[in-house]
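# Breakdown of the fold
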Protein chains: 2
Amino acid sequence: PIIQAQDPAALVEAIKKAQPGDEIVVPNGTYTDLELDFTGKGTADAPIRLVAEEKGKVFLEGQSYLRLAGEYLIVEGLVFRNGFTPTSEVISFRTTKEELCNNCRVTECVIDNYNPVERYESDYWVGIYGRNNRFDHNYLTGKRNQGVTLAVRLDAEESRENGHRIDHNYFGERPILGSNGGETLRIGTSHYSMSNSNTLVESNYFDRCNGEHEIISNKSGGNIFRGNTFHECQGTLTMRHGNGTTVDGNFFFGNGKPNTGGIRIINERQRVVNNYLDGLTGYRFRGALVIMNGVPNSPINRYFQVKDSEASNNVFVDSDHIQLGAGSDEERSAVPESTLVADNVFVNRNRDTLFTVYDDMSGITFRNNLLDENLVPLQEEGFRKEKITLTDAGHGVMLPEGTAAADSVRARMDIMATPENTGVTWYDFRDESQHFGTGKTTEIGPGENTLFDAVAQSAPGDIIKLAPGEYLQTKAIDLRHPLTIVGAGAEKPVLLFQKTSLLNIENGGALTLRGVRVDGRECLDQPLNSVIRTSRYSMVANYKLFIEDCDFTDLDINHSFNVLRVFKHTFADSIVVRNSSFRNVSGSVLPLDQENDDIGIYNAENVILENCFFDNIGQAALHLHRGGSDESTFGPMLTIDRCTFDEVGTDEKWNKSESSISLHGTQFVHITNSVFDDSAPVRLHLVVGEPIVEIEHSVFSGGTELLDNGEPYRTHNLHLGVDEPIT
Amino acid sequence: PIIQAQDPAALVEAIKKAQPGDEIVVPNGTYTDLELDFTGKGTADAPIRLVAEEKGKVFLEGQSYLRLAGEYLIVEGLVFRNGFTPTSEVISFRTTKEELCNNCRVTECVIDNYNPVERYESDYWVGIYGRNNRFDHNYLTGKRNQGVTLAVRLDAEESRENGHRIDHNYFGERPILGSNGGETLRIGTSHYSMSNSNTLVESNYFDRCNGEHEIISNKSGGNIFRGNTFHECQGTLTMRHGNGTTVDGNFFFGNGKPNTGGIRIINERQRVVNNYLDGLTGYRFRGALVIMNGVPNSPINRYFQVKDSEASNNVFVDSDHIQLGAGSDEERSAVPESTLVADNVFVNRNRDTLFTVYDDMSGITFRNNLLDENLVPLQEEGFRKEKITLTDAGHGVMLPEGTAAADSVRARMDIMATPENTGVTWYDFRDESQHFGTGKTTEIGPGENTLFDAVAQSAPGDIIKLAPGEYLQTKAIDLRHPLTIVGAGAEKPVLLFQKTSLLNIENGGALTLRGVRVDGRECLDQPLNSVIRTSRYSMVANYKLFIEDCDFTDLDINHSFNVLRVFKHTFADSIVVRNSSFRNVSGSVLPLDQENDDIGIYNAENVILENCFFDNIGQAALHLHRGGSDESTFGPMLTIDRCTFDEVGTDEKWNKSESSISLHGTQFVHITNSVFDDSAPVRLHLVVGEPIVEIEHSVFSGGTELLDNGEPYRTHNLHLGVDEPIT
Ligand SMILES: [Ca+2]
Ligand SMILES: [Ca+2]
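What you see is a predicted model; the values in this text were computed from it and never measured.

Assigned secondary structure in chain A consists of 3 helices and 72 strands. Its C-alpha radius of gyration of 28 Å places chain A within 12% of the 27 Å reference for a compact globule of 727 residues. Each principal axis of the C-alpha atoms in chain A carries an extent, and together these give about 80 × 70 × 45 Å. Taken across its 727 residues, chain A has 64% of its residues classed as buried. For chain A, contacts bridging at least 24 residues in sequence account for 74% of all contacts bridging at least 6. For chain A, the exposed area adds up to about 24500 Å²; of that, 45% sits on carbon and sulfur atoms. With 65 positive and 104 negative side-chain charges, chain A shows a separation of 4 Å between the mean positions of the two kinds.

What follows is the structure, encoded as structure tokens:
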């Protein structure tokens, strides 16, 4: 029968009494802090169902969560939003370590930005335990804290060889985490990776799942991935542990976005066949196809050697990097063995070289791989070239005419995931990205707290235009959405402030500051002031900071006065500073150094300094720190172009970094056309992940040293040890 | 006329139109975020008044503040509570840098625990500018963040030689801040300290004003302090800068509390006469009377030599330390000059020696000082001994019969501040101190989240008793008031947990944990778990943590698993661990090391470890850090008695302190009867403030080193370099 549960108490009661074939209806409405255990025993013919009265009208909010345990249970149509789980999982396929699910199903549920305040308070949105469970047609979007979005757990014997089915889900945007722990799907852990999971992952749509290096972290045996679509995802489907995995007929669309990758092979008996990979730009571990080196006699949590594996019949279109023997180093010295790379087709209309070989690849047999005529073959054997014509097979798939690979891929397009055949149809997709300049423009004049008041009245994307004059803020300004603050005329308005900071980028906030002068002379005489700071607390939303055509002067009323002060567990997607000057600053300009646990967490992904002038800065102009030996992130990435650093890092007492620029664990560095004069050293500490570092066309003068930790990097046209700067 | 302002808009309007003699009435009620500027020009005969309709019924809350500017304005009867100022001052005697007050008065106002969330977001509660203003009969209690409670500012010519009167105020509890910036009253800053302020501070009651070293920081010339009472205040009335100050007829009652001090003399022409000082235990800068050494040709912000000063006719009863030439070191080498110490009376029924001389005191003339017969005179000249009888003069004042000093003190008792003649009569004083065990007792049994639920139901001071068994918490438990969690029987209940921490001491929280076992085996496999943590955010309330008869086992599921994890800008009043054991902990037990700005801030005042056993601890058992060269705090203070440390600090990768115990900048250390075996070094980094450090009756074995930074400390009966521990 159908049981209408009038309220949470009735729901508990209904669940307690439910018999096979019952359908328990959750009335429309919003439930706060609902801790729901759905337990019971249905049968294959007569499952017990827990369903929303109307889909899209039942919301679980606050600190709600759902646990299931039993047999043949079905949950349908719940929406989790506006809150987070107080436990470790939002939807758990167990109630206790002993009480698991078998033959249960969660379908057409939504988890939307259901995040804790704490970026590094880990949780999973979905934890699947037991056997023969299905998770399908769900919509999961906006996970921003640490922890896998969906995890299949094998930590009990009863959860292995499970035959779960994960299908037709829509995994929405997962922004860059800036740490390990940002996987969208993980099956198993290294600990149980010698066991088979035998999970089927089919026809799921992964949309901008950029959390970290591993979109999918496969850590068990016998799993099958097929028909999944990866849309502009940074990272790869990674066979991190476990053997005998099949990756057949998946579709990757990078659309030329940075760090977009394909498939990474580690371990034994892996089959990568009939996949379509298009527009992927990632290199190294994020290549379109990566075959790793392993560790001889690897410990369970390191890298096993690739053996008896296969990458065949795949089509690579405009994908830039095929990485063979990736990760080769002293520890990872076991090269691939008994492995076949055959019948693949490679087309690239943008470049001619695709293959990078890091070690001896004689353990791989190459056979009948077809290259478009512009491409440089890896070797003679196993490669042939001919003019390839692509035809549009629909859904953005461009297939090489007349090849077996194309036929295989085409045959799999009927299970290909699309936005239309995945997730739910009844829930409004939300664009969570931050945009500047999309709102209204407000013009304000000088005076006390006029800017504060304008910000308080503002909406996301608004522009606040400042007429010339002095703007004194006696209160700090909190930014909780993207805002542009811009000088209206040729004469820059002057911003003065009295609190410890002028502008606070709180969670959800973002700032473009353009055409203003900021002066520190009204600040309290105390250390540690700053012009801009992030939230003092954890931010789960990534932020953007753009500074253009601004002058910062006399930030020196006491020591350690920064332009920007960031706090632990905050993360900038981008910090871009252009055409700006910084003079007489007692602290640091951009100290992105607050993640001091050295476990691979860092404070900013992209940092760009262009055409800036730094003069008389007490501490580092830039300090970018990613500590530890973790390899699962893309950044930090830094570009410095046409900048001058003069007397930077001169405060011997408080400049603890002892540098004018300090780069630790930065993954990408390009410094060009810049001058470093009369300054503390520029320090490079290059670690893990083969960082790409290039310093060129620059002058180091007045005793400014360029120091490194002995790791290699590229330099070109550097003038070191110059007495006077070359102008 | 009397103008009834019906609402904030009417208030603004009434102020705008106010004429001399007007009385503007603020209606009873609670005003949130009221930013009130009271400006106008009254006359001496006809001031403009802004008054509460009824005293005690007008509340300014949220982010309210008050600024005054003009002439002859009077404010009366406002209460600030439940909020904080968004600006730098709650009550300001100016509206802008140019618009100041003259001849204005604020009387019978209350500021009660009006603190921001951020401990180190500085503000003043009251800033007095201009001239001839009066601040009287106000009640200010519970300032917990950084920043002076009441500041007289001299930063404009128009604010100097001001003739302000600060009288009959009640300054309620100001808890230990753990940093500089916890003064209750400051007059001037070093910058303008050569100017006279000529402020009268009369008959104010200072009750447990323990914020820092300086209860009062006098930093300007010509001020008079008289009739003030200091009740159990840690610190001193300090003549930090400025000359020609008079301290006449003030009353200090330490009641034997730690760190209670009297009067500290620096600079020239200071007169300290007719004061009564009783039961003060403070030493060094907190002595009952301190005469400092100065710096030759001192910079404006350092220590000027004491010259032409006087300390006469004062009565010292049971006050333990008179400090002469205090602060003497390489920099502070200028000894007192042309200074008179005469006609004082010293009685001490607890000890025989009072005087500590740090340098050549020949520049001080001692004359006719009278000592009770048990006391050891500083020197022959200027001191005489006789049997002294004390008589009760009322209000706790015990005067030596038949002495001139007694007569002088007695003559000043009619201006002596008392709780009755200060502050306001109509406001309920609140006891903000934390107490354990004052509430109800709840007994609970094992199971999932039974402890979480009991804490959620608890009230301040409650006791939760746990029957034997296993307690699994799937949710972290926030403590927001003092709670005692205690095992009920002989068999310790076992606490297990799944989140990154078990118990979170949030702002206002405090914990006694007794008779339980905590095991880490159910925790997530991730670094940085902890059993107990403070708030991740700043805490303005100090907290207490007592751990007794507990066992902590197998906190080692991943690296850096701590027993306690503290966060920046949190402060423990006391952490006491007794009769407990810690085994197999991958992280640290008590890492009180998060104040890494090295500006004198630290994480805990009193740390006591007694009869504890530490076995196989990856990182430091204790890390106590106070960095920088600031001298204005009392702590940290540490006692270790009867503890055993075995294989502590063994994680070479993650134990960044490279120690088993690391003490940096700790002010008081007593380690006794303890064993340090097979462990990383015990490190002492002794800096500033002449720390008192004694290590005795202990064994360092199995290669455990005792390392220091070359500063002296006392050891006694130590067994160093022992192969096997002596039992
Ligand atoms: Ca990962
Ligand atoms: Ca001070």
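Once you've had a look at it, read on.
The two copies are related by a screw operation: chain B maps onto chain A through 180 degrees of rotation and 0.0 Å of translation along the axis, at an RMSD of 0.1 Å. What the superposition gives is, in effect, a two-fold axis relating one chain to the other. Taking C-alpha positions as reference, the residue of chain B nearest the rotation axis is Tyr 537 of chain B, located at 3.2 Å. Same-surface contact between copies: 97% of interface residues of chain B are shared with the interface of chain A.

Donor atoms from the polypeptide that bind the calcium ion (ligand 1) are Asn 180 of chain A (OD1), Glu 183 of chain A (OE), Glu 212 of chain A (OE), Glu 212 of chain A (OE) and Glu 214 of chain A (OE), placed at 2.2 to 2.7 Å. Donor residues for the calcium ion (ligand 1) sit on one chain with the sequence pattern N-x2-E-x28-E-x1-E.

Attention shifts here to unusual backbone geometry. Note: most residues except glycine have negative phi, and most peptide bonds are trans. Cis geometry is found at the peptide bond from Gly 635 of chain A to Pro 636 of chain A, where omega equals 0 degrees. Topologically, Pro 636 of chain A is positioned in the loop between β63 (622-625) and β64 (637-641). Unlike most non-glycine residues, Glu 658 of chain A shows phi in positive territory, near 50 degrees. Take Glu 658 of chain A: it is sitting in the loop between β65 (644-648) and β66 (661-664). According to the relative accessible area criterion, Glu 658 of chain A is exposed, its value standing at 52%. You will see that Asn 198 of chain B, though not glycine, has its phi angle at about 55 degrees, which is positive. Within the element layout of this structure, Asn 198 of chain B appears in the loop between β20 (185-187) and β21 (200-202).

This brings us to the side chain of Glu 121 of chain B. Considering the arrangement of structural elements, one finds Glu 121 of chain B in the loop between β13 (110-112) and β14 (124-128). Under the relative-accessibility criterion, Glu 121 of chain B is labelled buried at 11%. A polar contact of 2.3 Å, which involves the side chain of Glu 121 of chain B, links it to the side chain of Arg 536 of chain A.

On to the domain arrangement of chain A, then. Residues and elements named next belong to chain A. Per the domain assignment, the segments of chain A are domain 1 (148-415) and domain 2 (441-722). On a C-alpha basis, the centres of domain 1 and domain 2 stand 38 Å from each other. A buried area of about 1400 Å², summed over both sides, lies between domain 1 and domain 2, and 49% of it is on carbon and sulfur atoms. Connecting domain 1 to domain 2 are 2 salt bridges. Among the ionic pairs, Glu 631 bridges to Arg 332, the shortest N-O distance being 2.9 Å. Where domain 1 packs against domain 2, one counts 7 residue pairs in polar contact (both at pLDDT 80 or more).

Okay, the packing of aromatic side chains next. One pass over the structure, following the stated rule, counts 45 aromatic pairs over all chains. Consider the rings of Phe 80 of chain B and Tyr 114 of chain B, whose centres lie 5.6 Å apart with planes at 65 degrees: the pair is edge-to-face. You can see Phe 80 of chain B sitting in strand β9 (residues 79-83) and its partner Tyr 114 of chain B sitting in the loop between β13 and β14, a full 34 residues away along the chain. Overall, Tyr 114 of chain B belongs to the buried group, its relative accessible area being 0%. For the pair Phe 346 of chain B and Phe 355 of chain B, a centre-to-centre distance of 5.3 Å together with 70 degrees between the ring planes defines the contact as edge-to-face. The burial state of Phe 346 of chain B is the same as that of Phe 355 of chain B; both residues are buried. Members of the aromatic cluster, each reached through a chain of ring pairs, are Phe 552, Phe 582, Phe 614, Phe 645, Phe 676 and Phe 700 of chain A. Over the ring of Phe 452 of chain A we find Lys 475 of chain A; its NZ or CZ atom is 4.1 Å from the centre of that ring. The ring of Phe 285 of chain B is capped by Arg 284 of chain B, whose NZ or CZ atom sits 3.9 Å from the centre of that ring.

Before going further, it helps to spend a moment on the pairing of β64 of chain A. All names here are of chain A. The buried count for β64 comes to 4 of 5 residues, which makes it a mostly enclosed element. Pairing of strand β61 (residues 604-610) with β64 involves 5 bridges; the strand directions are parallel. Looking across to β64, one finds that Leu 609 is bridged to Ile 640. Alignment of β64 against strand β67 (residues 668-672), held across 5 bridges, turns out to be parallel. Within β67, the position partnered with Thr 639 by the bridge is His 670.

What follows is about the interface of chain B and chain A. The partner chain A presents 36 residues to the 37 residues of chain B that form the contact. Carbon and sulfur atoms make up 40% of the area that chain B and chain A hide from each other, which totals about 3200 Å². Of all residues in chain B, Glu 121, Lys 499 and Tyr 537 of chain B give up the largest surface area on contact with chain A, accounting jointly for 18% of the area buried on that side. Linking chain B with chain A are 12 salt bridges, by the criterion used here.

Attention shifts here to the state of the cysteines. Disulfides are covalent bonds that link the sulfur atoms of two cysteine residues. All names here are of chain B. In the structure shown here, the tally under the stated rule is 0 disulfides over all chains. Of the cysteine sulfurs around Cys 101, a residue in no disulfide, the closest is that of Cys 104, at 3.7 Å. For Cys 101, a relative accessible area of 0% puts it in the buried group.

Attention now moves to the sheet that holds strand β48 (residues 477-479) of chain B. Pairing between the strands of a sheet comes from backbone hydrogen bonds, and it takes one of two forms, parallel or antiparallel. Residues and elements named next belong to chain B. Strand order in the open sheet made by the 4 strands is β48-β51-β54-β57, with parallel pairing throughout. Each edge of the open sheet carries a strand with a single partner, namely β48 and β57 (562-565). Looking at each pair of strands side by side, their axes are set apart by 15 degrees on average, direction ignored. Across 4 bridges, strand β51 (residues 501-505) lies against strand β54 (residues 530-534) in parallel orientation. Looking at β54, one finds that Ile 505 is bridged to Thr 534.

In this section: the side chain of Ser 657 of chain B. Residue and element names in this part refer to chain B. Positionally, Ser 657 belongs in the loop between β65 (644-648) and β66 (661-664). Polar contacts involving the side chain of Ser 657 include one to the side chain of Asn 655, which spans 3.0 Å. A polar side-chain atom of Ser 657 sits 2.8 Å from a polar atom in the side chain of Ser 659. Aside from chain neighbours lying at most four places away, what touches Ser 657 is Ala 620, His 623, Ser 662 and Arg 683.

Residues and elements named next belong to chain A. The strand order across the open sheet built from 5 strands is β60-β63-β66-β69-β71, with neighbouring strands paired in parallel fashion. Looking along the sheet, the strands with just one partner apiece sit at the ends: β60 (590-592) and β71 (706-708). Adjacent strand axes in the sheet meet at a mean angle of 10 degrees when their direction is disregarded. Here β60 pairs with β63 via 3 bridges, running parallel. The residue of β63 that forms the bridge with Leu 590 is Leu 622.

What follows deals with the environment of Leu 78 of chain A. All names here are of chain A. As for its placement among the helices and strands, Leu 78 is situated in the loop between β8 (73-76) and β9 (79-83). For the pair formed by Leu 78 and Asn 28, sequence separation is 50 residues and the distance between their alpha carbons is 10.0 Å. Ignoring sequence-local partners within four residues, the contact set of Leu 78 consists of Val 58, Leu 60, Leu 66, Glu 108, Cys 109 and Val 110.

This part covers the pattern of salt bridges. Residue and element names in this part refer to chain A. Overall, the coordinates contain 97 salt bridges over all chains when judged by the stated rule. With a closest N to O distance of 2.7 Å, Asp 167 and Arg 134 form a salt bridge. Pair noted here: Asp 167 is in strand β18 (residues 165-167) and Arg 134 is in strand β15 (residues 134-136), with a separation of 33 residues, a long-range link. Exposure class is identical for Asp 167 and Arg 134. Each is buried.

Criteria and cut-off values
Residues numbered from 1 in each chain as written. Chains lettered and ligands numbered in written order. Predicted model: local features only at pLDDT ≥ 70, side-chain atom pairs only at ≥ 80, totals over all residues. Heavy atoms only, no water. Helix = DSSP H or I, 4+ residues; strand = E, 2+ residues; numbered from the N terminus. Rg over C-alpha atoms; globule rule 2.2 N^0.38 Å. Buried < 20%, exposed > 50% of the residue type's maximum accessible area, 1.4 Å probe, protein only. Contact = heavy atoms within 4.5 Å. Areas by Shrake-Rupley, 256 points an atom, 1.4 Å probe, with all protein chains shown as cover. Lys, Arg positive; Asp, Glu negative; His and termini not counted. Charge placed at Lys NZ, Arg CZ, Asp CG, Glu CD. Least-squares fit on C-alpha atoms with pLDDT ≥ 70 in both. Donors = N, O, S within 2.8 Å, 3.2 Å for Na, K, Ca; no water. Polar contact = N/O pair within 3.5 Å; in protein donor to acceptor, adjacent residues only side chain to side chain. Domains from an automatic or database assignment. Buried area = accessible area lost by both parts, 1.4 Å probe. Salt bridge = Lys/Arg side-chain N within 4 Å of Asp/Glu carboxyl O. Phe/Tyr/Trp six-rings, centres within 6.5 Å; stacked < 30°, edge-to-face > 60°. Lys NZ or Arg CZ within 6 Å of the ring centre and 35° of its normal. Pairing = 2+ DSSP bridges. Disulfide = S-S within 2.5 Å. Axes fitted to C-alpha atoms, helices over the stretch in contact; angles between N-to-C directions.

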